[in-house]
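Close look at the chain arrangement
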Amino acid sequence: MALEANFCRVQLDRPGPGGVDQLLCVRRTRLGKTGQQICVGDRVEVEGIDWPEARAAIAAVAPRSSLLERPAVANCSRVVVVAALAQPELDPLQLTRFLLTAERTGVAVELVLTKADLLSASEQEQWRERLTAWGYVPQLVSSQSGLGLAALRARLAQPGVSVLCGPSGVGKSSLINALLPQLRLRVSAVSGRLQRGRHTTRHVELFPVEPGALLADSPGFNRPSLPAEPAELGSLFPEIRQRLESSACQFKNCLHQGDPGCAVGSDWDRHGLYLNCLESVQQQVARQPRPRSGGLKQRGGKQEPLLDQRLRQSSRRRLRQEEPDEEG
Ligand SMILES: Nc1nc2c(ncn2[C@@H]2O[C@H](COP(=O)(O)OP(=O)(O)OP(=O)(O)O)[C@@H](O)[C@H]2O)c(=O)[nH]1
Ligand SMILES: [Mg+2]
Ligand SMILES: [Zn+2]
């Protein structure tokens with residue numbers, strides 16, 4: 001449910017003696033030696049239970065069905081990218097980078113736009129239309145006015161693990177408080193000319209919405225990282241996926257940069273953002289050349305990244321530095 005200093009808080013499938021349903025657990029050292037990291041969302045086996053003290057040790061971690069890199073959450077069935085319509089102002093490039101991180105998990109990606117109360121109805125409509133063209137169904141909500149909360153709660157009450165992720169100050173914790181008022185999570189006002197968040201939430205933690213439905217709050221951060229390979233990028237844009245479904249690109253290994261004859265073309269809103277991300281990935285590759293083989297599999301004429309393997313590798317690096325960035 002949460003990682004607290006050197007301990008993992010583990011929710012039991014069935015309560016034990018005395019109704020104990022959560023245990024504070026240490027990790028067995030042999031877990032550390034095999035390099036196996038434990039994330040929030042992992043299913044684990046515990047042993048050596050001390051019921052009166054509600055303590056135990058984690059003996060094994062089950063294979064994961066999915067992994068969100070940052071915030072590190074395993075086995076999520078839904079990644080909810082949260083952006084504010086105002087305060088802080090919605091930044092399409094930053095939102096795109098969050099959506100890409102979410103898309104890499106391979107699970108359902110939802111988009112929630114908060115602070116709708118700060119925009120006029122026509123401004124709200126403009127964003128709705130724009131993001132619909134990106135291939136998402138944006139859910140506009142306001143923790144203050146209550147707009148959209150009942151519908152969102154119904155979605156999050158479906159079985160599985162959902163995780164809210166997005167920049168600091170967009171109102172993730174406020175949203176969870178509005179949905180689950182008994183929690184009283186800490187929130188704080190955005191500050192400065194750019195209305196930046198203050199990194200109020202410091203840890204990932206899962207909260208029960210309904211039996212079998214868990215929701216994770218997470219610390220906001222500003223710059224999600226991009227995939228390691230230029231070829232991986234295209235499949236993470238719904239607009240590109242859609243265009244390639246209706247007609248295949250005539251170029252092999254095409255990076256869809258708008259060349260004549262490319263099936264993806266350049267007449268779509270995020271084309272510039274796609275090129276921006278592509279350039280960043282290419283610069284990243286140029287900076288750290290590392291020999292790789294494979295990583296892509298051929299399926300139906302197009303290349304698809306082997307997501308799981310790749311994520312597992314990069315997440316190991318990332319888990320060691322799981323701190324909110326204070327930068328930019
Ligand atoms: N006007 C308005 N303000 C909101 C709304 N939701 C949240 N806020 C305000 O936005 C500020 C930041 O909210 P938080 O819930 O702390 O944001 P967060 O996303 O959890 O931020 P981190 O924990 O730093 O990642 C607070 O001052 C909230 O009162 C909303 O729907 N409308
Ligand atoms: Mg928060
Ligand atoms: Zn192309």
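A short tour of the structure in this document, coming up. What you see is a predicted model; the values in this text were computed from it and never measured.

Topologically, serine 168 is positioned in the loop between strand E11 (160–165) and helix H5 (172–179). Along the sequence, serine 168 and arginine 196 sit 28 residues apart, while their C-alpha atoms lie 7.1 Å from each other.

For the rest of this paragraph, the subject is the site of ligand 1. What surrounds ligand 1 is a group of 25 residues, the closest being Gly171, Ser174, Val187, Thr201 and Gly220. In terms of residue count, H5 provides more of the shell around ligand 1 than any other element does, three residues in total. For the shell around ligand 1, a count of residues per class yields six nonpolar, 15 polar and four charged.

This part covers the nonpolar core. Counting 61 residues, the largest nonpolar core has Val73, Val79, Val81, Val163 and Ala216 as its most contacted members. If you tally residues by element for this core, the top one is strand E8 (residues 78–84), at six residues. Setting aside anything within four residues of it in sequence, one finds valine 163 in contact with Leu68, Pro71, Val73, Cys76, Val79, Val80, Ala216 and Ser218.

Every buried residue belonging to H5 is among Lys172, Ser173, Leu175 and Ile176, and all of these are buried. Taken down its axis, H5 places every buried residue within 155 degrees of arc, on the same side. Buried positions along H5 lie against E8, strand E9 (108–114), E11, strand E12 (205–210) and strand E13 (213–217).

Now for the pairing of E9. Across the seven residues that make up E9, a large majority, five, are buried. Pairing between E8 and E9: seven bridges, direction parallel. Its bridge partner lying in E9, valine 82 is registered against valine 112. For the crossover that starts at E8, traverses helix H2 (residues 92–103) and ends in the parallel E9, the hand is right-handed. Across two bridges, the pairing between E9 and strand E10 (residues 139–140) is parallel. When the bridges of E10 are listed, leucine 113 appears paired with leucine 140. As for the winding sense of the linkage, the β-α-β connection from E9 through helix H3 (residues 121–133) to E10 is right-handed.

Here the focus is H2. The end-to-end C-alpha separation of H2 is 16 Å, in line with the 16 Å expected for twelve residues at 1.5 Å each. Within H2, nine of the twelve residues are buried, which leaves the element mostly enclosed by the surrounding structure. Contacts made by the buried residues of H2 are with E8, E9, E11 and helix H8 (271–287).

Rules and cut-offs
Residues numbered from 1 in each chain as written. Chains lettered and ligands numbered in written order. Predicted model: local features only at pLDDT ≥ 70, side-chain atom pairs only at ≥ 80, totals over all residues. Helix = DSSP H or I, 4+ residues; strand = E, 2+ residues; numbered from the N terminus. Near = placed C-beta within 6 Å. Nonpolar A, V, L, I, M, F, W, Y, C, P; charged D, E, K, R; others polar. Core = buried A, V, L, I, M, F, W, Y, C linked by C-beta atoms within 7 Å. Buried ≥ 20, exposed ≤ 12 C-beta atoms within 10 Å, placed from the backbone. Contact = placed C-beta atoms within 7 Å. Arc of directions from axis to C-beta. Pairing = 2+ DSSP bridges. Right-handed = clockwise from strand over helix to strand, strands pointing away. Expected span 1.5 Å × (residues − 1).

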